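Structure assessment
Chain residues, written in single-letter form:
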Amino acid sequence: PDEPGHLFAKTKTINYHFDDKGYEEVAIAQEEARSLAVKLAMAIALADDSLDDSEVTIIKDWIRRTTAPYPDEKQKALNKLFNTSVKEAYADAKSGSLTLSDITERMNEIGEEPQKLEAIELCFDVMAADGVADESELQTIKNIAKALELDYDEIERMRDKRLIKLDVAIEQQASIETILGIEPDWSNDQTKKHLRDEFAKWNNRLNTLGEGEERDNAQRMLDMISEARTKYA
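Keep in mind it's a predicted model, so treat the numbers as computed, not measured.

With respect to the packing of helix 1 (residues 23–45) against helix 4 (residues 100–110)
Look at helix 1 against helix 4: their axes get within 10 Å of each other, and the N-to-C directions meet at 155°. The angle between helix 1 and helix 4 places the two elements in the roughly antiparallel class. Our pair here, helix 1 against helix 4, has a crossing hand that is left-handed. Between helix 1 and helix 4, the contacting residues are Ala29, Glu32, Ala33, Leu36, Ala37, Lys39, Leu40 and Ala43 on the first element and Leu100, Ile103, Thr104, Arg106, Met107 and Ile110 on the second. A breakdown of the residues in the contact of helix 1 with helix 4 according to their chemical character gives 10 nonpolar, 1 polar and 3 charged.

Points about unusual backbone geometry
One non-glycine residue, Glu149, adopts positive backbone phi at about 60°. Take Glu149: it is sitting in the loop between helix 6 (135–147) and helix 7 (152–163).

Topic: the layout of surface pockets
If you add up the space inside the largest pocket, you get close to 240 Å³. In terms of lining, the largest pocket is formed by 14 residues, of which the most central are Ile141, Lys142, Ala145, Tyr152 and Ile155. Those elements giving two or more residues to the lining of the largest pocket turn out to be helix 6 and helix 7. With 5 residues, the single largest contributor to the lining of the largest pocket is helix 6. Split by residue class, the lining of the largest pocket holds 7 nonpolar, 1 polar and 6 charged.

Rules of the game
- Residues numbered from 1 in each chain as written.
- Predicted model: local features only at pLDDT ≥ 70, side-chain atom pairs only at ≥ 80, totals over all residues.
- Heavy atoms only, no water.
- Axes fitted to C-alpha atoms, helices over the stretch in contact; angles between N-to-C directions.
- Helix = DSSP H or I, 4+ residues; strand = E, 2+ residues; numbered from the N terminus.
- Parallel < 35°, antiparallel > 145°, perpendicular 65-115°, else oblique.
- Left-handed = near helix turned anticlockwise from the far one by under 90°.
- Contact = heavy atoms within 4.5 Å.
- Nonpolar A, V, L, I, M, F, W, Y, C, P; charged D, E, K, R; others polar.
- 1 Å grid on protein atoms, 1.4 Å probe; cavity = no way out; pocket = protein on both sides within 12 Å on 5 of 7 lines; lining within 4 Å.
- Points joined across faces, edges and corners; volume = space filled by probe spheres on them.

Shown next, in the form of structure tokens:
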């Protein structure tokens, strides 16, 4: 206004609503999504009605790795948040009030796909921690993945990566249908196509593995697929 020759000045305020989250909102949502991931992991650990030390170690290590990049004060706050989730999930599971649908519904509201996949990966690590692919744990993970609307192929890759490293013979741990991912409502033709795809996948893997536990587990998977093909022929 004080500039010589200045003729006119006006201020106009414009309000604009951004649908996308700001970086602070993203950070807050990510923290909550990770606290929910801890609860899901605890649900897997307790799916067989027991809490193994190895499963607790997996969750603690995940918390340590997740909080490590942050400054000290932020680390303390996140550790408190995640450890509270552990305690709440344990108490709720013991009282019978741990509801997975509530957790997955909230995860869908605030979580992006990377956080959902991170949660499922943690669940698979907990499942494999004791070297046993428990039927109830595998089924619970499958239900969680469905509720989170995640890509089946991606979940299958995560599952197979853990199954091939298990210490105990896979077929002694859960049903063939659960291990091979056969849905109970599939038609015979759907099941047979799925088994053909599974055979091709595991046969290719077998040919790339050297002697050892992983190759033995891959062969067991092929044996189970053959058994299932006989069953559903």
